[in-house]
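# Structural overview
Below are the chains, spelled out letter by letter.
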Amino acid sequence: MTSLTSRTSIAERSARTSSFVYDEEALKERLHEAFEPISAPLVGQIRPLREVIDSLLHMLSESSIPQLDEVDGLTKTALGNLYCNEALEAMDRRTYLNSLLTKYETFLKKLYYLIHSEDVPRNPKTSTKSAELAECIFAFDSLRGLRYRTDEVGQAFSKHLDRVRAWRNEESHLAPEASESEVQVAVGILVALYLYFVAYSITDLESTGRL
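In every chain, residue numbers begin from 1 and rise along the written sequence. Side-chain atom pairs in this predicted model are given and counted only at pLDDT of 80 or more, local residue features only at pLDDT of at least 70, and totals for whole chains, interfaces and linings cover all residues. Derived side-chain values reflect all non-hydrogen atoms in the structure, with water molecules and hydrogen atoms excluded from consideration.

Only DSSP runs of H or I covering at least 4 residues are called helices, and only runs of E covering at least 2 are called strands; the numbering of each starts at the N terminus. Multiplying one less than the number of residues by 1.5 Å gives the expected span of a helix. Between the first and last C-alpha of helix H6 (residues 90-116) there are 39 Å, a value that for 27 residues agrees with the 39 Å anticipated at 1.5 Å per step. Within two residues after H6, serine 117 carries a phi angle of roughly 60°, on the positive side.

Two measures describe an aromatic ring pair: the distance that separates the ring centres and the angle between the ring planes. Whether two aromatic rings pair depends on their centres lying within 6.5 Å, for rings of Phe, Tyr and Trp, where Trp uses its six-membered ring; planes under 30 degrees apart make the pair stacked, over 60 edge-to-face, and the rest tilted. Inspection of every chain in the model, using the stated rule, returns eight aromatic pairs. Relative to phenylalanine 197, the ring of phenylalanine 107 has its centre 6.2 Å away and its plane inclined at 75°; by these criteria the two rings are edge-to-face. Of this pair, phenylalanine 107 sits in helix H6 while phenylalanine 197 sits in helix H10 (residues 180-199), and the two are 90 residues apart along the sequence. We note that phenylalanine 107, like phenylalanine 197, is buried. An aromatic cluster of three or more residues is present, and its members are Tyr104, Phe107, Tyr112, Phe140, Tyr194 and Phe197. The ring of phenylalanine 138 carries the charged tip of arginine 144 above its face, separated from the ring centre by 5.0 Å. The classification of residues rests on relative accessible area computed with a 1.4 Å probe and restricted to protein chains. Under 20% of the type maximum is buried, over 50% is exposed, and intermediate values are partly exposed. In this analysis the charged atom, NZ for Lys or CZ for Arg, is taken to sit over a ring once it is within 6 Å of the ring centre and within 35 degrees of the ring normal.

For the rest of this paragraph, the subject is unusual backbone geometry. In this structure, serine 117 is a non-glycine residue whose phi angle is positive, near 60°. Mapped onto the secondary structure, serine 117 falls in the loop between H6 and helix H7 (133-138).

With that out of the way, let us pick up the packing of helix H2 (residues 24-39) against helix H5 (residues 72-84). Think of each axis as a best-fit line through the C-alpha atoms, taken over the contacting stretch in the case of a helix, with angles from 0 to 180 degrees between the N-to-C directions. Running from N to C, H2 and H5 point in directions that differ by 65°, and their axes come no closer than 9 Å. Of the two possible hands of crossing, H2 and H5 adopt the one that is left-handed. Between H2, through Glu24, Ala26, Leu27, Arg30, Leu31, Ala34 and Phe35, and H5, the contact on the second element is made entirely by Lys76, Leu79, Gly80, Tyr83 and Cys84. Class assignment for the residues of the contact of H2 with H5 results in eight nonpolar, one polar and three charged. Working rule for handedness: look at the near helix, and if it is turned counterclockwise from the far one by less than a right angle, call the crossing left-handed; if clockwise, right-handed. Contact definition: two residues touch when any of their heavy atoms are within 4.5 Å. Note on residue categories: nonpolar means Ala, Val, Leu, Ile, Met, Phe, Trp, Tyr, Cys or Pro, charged means Asp, Glu, Lys or Arg, and polar means any other residue, Gly included.

Written out as structure tokens, the structure is:
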């Protein structure tokens, strides 16, 4: 039975989180601060980081089809809390991390739909009704080709993608015993992959008038 102290703690944490107000401009600045060092080696290969961040958040407001758009608000809420909510505690951080993790597949499906006006092709050998994460990754050259990159940055992102796939395939996602610092590292890896994917999709999105 939950103790009064535990119930009070949960209520207080919930109040702090629910009172948080999403501020997109503040989020953009926090994302730029966090990922500017990572993006530095990609200067000249991708659009400026601020443009990539703008594009990511823009795509989370762009309309596609209901089953793909319905997670956009949850993704923005997760990003906003993880990067701007100073009252966020370890349990909340893990919750938002797992939210971003499960939404990554949907985000890939949404951008594929916006570019091609159709769903990600499904492997006929599987029993699933819709494409899974591996099929979503295979549908994009920028992600499928990561394993063949020989440069340091490409190899780093390839390892990041492998880790995200491993977390996504585990029922509990990131191990429950992971430390707060490990959770923060995982957040950075996952959000870096959101940005990486958008960075290499901007031209295709522009060609369809979506950006």
